[in-house]
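Coordinates in review
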Amino acid sequence: MKRVYLDNAATTPLDPNVIAEMTNVMQNFYGNPSAIHALGREVRTLVEKARKTVSGLLNASPSEIFFTSGGTEADNTAIRCGISAYGIKHAITSKIEHHAVEQTLEKQLKDGIIDKLSFVNIDEKGNVDYAHLEDLLQNNERSFVSLMHANNELGTLTDMEKVGDICEKYNAIYHADTVQTMGHYTHDVRKLKAHFIVCAAHKLHGPKGVGFLFVNSNIKIPPMIYGGAQERNMRGGTENVYGIVGLAKALEIAYAEMEEHQNYIQGLKDYLKEQLITEIPGIAFNGETEADKSLYTVLNVSFPEMDMADMLLFNLDINGICASGGSACSSGSNIGSHVLNGIKADPNRPSVRFSFSKYTTKEDLDYVLEKVKMVVKQNALA
């Protein structure tokens, strides 16, 4: 059976050049980077070279890059340690953030570390209401703002420079969850005015289990993980060396090929969108879909009401199509997608997130269109 992978927002296949780079490290560089002998120093050099590569691409200083186990740890560190370091009592986020942000902030509120958690208004496509954000910041206390660059389910983009300017105006600490956009757009940290941005390597054809946190040099935070002097006393534990090397290689490739891949993948997204509109009556889309407002790797499709709607993903899967999705909550027993609930999506319409990569082909999409049409026809309401 033909298999088509359209779940790249969940994880991406490793780039062969990343595999080669990591394999070389696994086979030839086994010293502990904290050791002072020659083998240890060799490996330490690899880690610091990777840090320099990442910082150079972001226009950051190497001292602002801290390697982590991935995006979730990076988000947790930024939120928990940023709030703790500055005694923040008021945090601002949205109802459609990733659980790594949403649940971490809710725990801060539950534990009494912050006194107030505010939610900025968003519209039916997931756009942030910047005027409301400014209203929420108009108080005498310093606030912590956490807003993602692109929503992982919808693809809707938030203007990071605009949020950064607003946060600067009110002396707020700004954390941007950039997991979905790292390696897909340039991030010049000197222009963005963010105090924290994050990365998970497996979202950009790098390895799982490794990421980084950028911490702007104008703020200082304590470690979240204790037990060693690694990462300049900021994260205890022996470094995931081949993961770190793989991350740097993946990001380097992503930046080198970015414009080419943006144009290619945007073309695929536009093609699938246009064909769905042509072939399936009543089709709609969740979130923004225009190129300047939406992450080009994600298309969230809202299908017409159908029989056995909850089996849509399963039916796609048995036809060889790997995608993800969900629906808005229609009852208390059905939690549904908190993102679709957050934009008040129609709970009777099943949704599928198709997400693309540089390895996706037009032939893949033609196969998907054929099978989607078949499944929709088979389950059409009488």
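Let me sum up the structure you'll find in this document. As the structure is a computational prediction, the values presented were derived from the model and not from experiment.

**Some words on helix α9 (residues 241-256)**
Between its terminal C-alpha atoms α9 stretches 23 Å, which fits the 22 Å expected from 16 residues at 1.5 Å a residue. In terms of burial, α9 is largely enclosed, as 12 of its 16 residues are buried. Inspection of α9 places V241, G243, I244, V245, G246, L247, A248, A250, L251, I253, A254 and Y255 among the buried residues, and these make up the whole buried set. Looking at the buried side of α9, the elements it contacts are α1 (16-28), α2 (38-58), β2 (65-68), β7 (196-200), β8 (211-215) and α10 (258-279).

**Thoughts on the packing of helix α5 (residues 130-137) against helix α6 (residues 160-169)**
Relative orientation of the contacting elements α5 and α6 amounts to 20 degrees, with a least axis distance of 10 Å. Accordingly, the angle class assigned to the pair α5 and α6 is roughly parallel. In this structure, α5 meets α6 at a crossing whose hand is right-handed. Residues Y130, L133, E134 and L137 of α5 lie in contact with α6, whose contacting residues are K162, V163, I166 and K169. Its residues assigned to classes, the contact of α5 with α6 shows 5 nonpolar, no polar and 3 charged.

**Re the pattern of salt bridges**
Under the defined criterion, the tally for this structure stands at 18 salt bridges. Salt-bridge contacts for R235 lead to E73; the nearest nitrogen and oxygen are separated by 2.5 Å. Of the two residues, R235 is situated in the loop between α8 (230-233) and α9 and E73 in helix α3 (residues 71-85); the sequence distance between them amounts to 162 residues. Taking relative accessible area as the criterion, E73 reaches 10% and is therefore assigned buried. Here K358 ties to E257 by a salt bridge, and the two come within 3.6 Å at their closest N and O atoms. Linking K358 in the loop between β13 (351-355) and α13 (362-378) with E257 in the loop between α9 and α10, this pair joins segments that are 101 residues apart in sequence. For K358, a relative accessible area of 17% puts it in the buried group. Through salt bridges with shared partners, a single ionic network connects R44, E48, R51, E231 and E239.

**Here's the deal with the packing of α10 against α13**
Two numbers describe how α10 lies on α13: the axes approach to 11 Å, and their chain directions differ by 25 degrees. Classified by the angle between their axes, α10 and α13 sit roughly parallel to one another. α13 is crossed by α10, and the crossing has right-handed handedness. Residue-level inspection shows L268, Y271, L272, Q275, L276 and E279 of α10 in contact with α13, the latter providing K362, L365, D366, L369, V372 and K373. Looking at the contact of α10 with α13, its residues break down into 7 nonpolar, 1 polar and 4 charged.

**A few points about the state of the cysteines**
Tallying each qualifying case throughout the model produces 0 disulfides. For the unlinked cysteine C81, the closest cysteine sulfur is that of C199, found at 19 Å. Of the cysteine sulfurs around C167, a residue in no disulfide, the closest is that of C81, at 19 Å.

**A look at the packing of aromatic side chains**
Counted by the stated rule, this structure contains 2 aromatic pairs. Arranged with centres 6.3 Å apart and planes meeting at 35 degrees, the rings of F144 and F196 form a pair that is tilted. Residue F144 is located in strand β5 (residues 143-146), and its partner F196 is located in strand β7; the two are separated by 52 residues in the primary sequence. Of the two residues, F144 and F196, neither departs from the other in class, the shared state being buried. When the ring of Y185 is compared with that of Y296, the centres are 5.5 Å apart and the planes differ by 70 degrees; the resulting orientation is edge-to-face. With Y185 in the loop between β6 (173-176) and α7 (189-192) and Y296 in the loop between β9 (284-286) and β10 (298-302), the pair connects residues that are 111 residues apart, well separated along the chain.

Calculation rules
- Residues numbered from 1 in each chain as written.
- Predicted model: local features only at pLDDT ≥ 70, side-chain atom pairs only at ≥ 80, totals over all residues.
- Heavy atoms only, no water.
- Helix = DSSP H or I, 4+ residues; strand = E, 2+ residues; numbered from the N terminus.
- Expected span 1.5 Å × (residues − 1).
- Buried < 20%, exposed > 50% of the residue type's maximum accessible area, 1.4 Å probe, protein only.
- Contact = heavy atoms within 4.5 Å.
- Axes fitted to C-alpha atoms, helices over the stretch in contact; angles between N-to-C directions.
- Parallel < 35°, antiparallel > 145°, perpendicular 65-115°, else oblique.
- Left-handed = near helix turned anticlockwise from the far one by under 90°.
- Nonpolar A, V, L, I, M, F, W, Y, C, P; charged D, E, K, R; others polar.
- Salt bridge = Lys/Arg side-chain N within 4 Å of Asp/Glu carboxyl O.
- Disulfide = S-S within 2.5 Å.
- Phe/Tyr/Trp six-rings, centres within 6.5 Å; stacked < 30°, edge-to-face > 60°.

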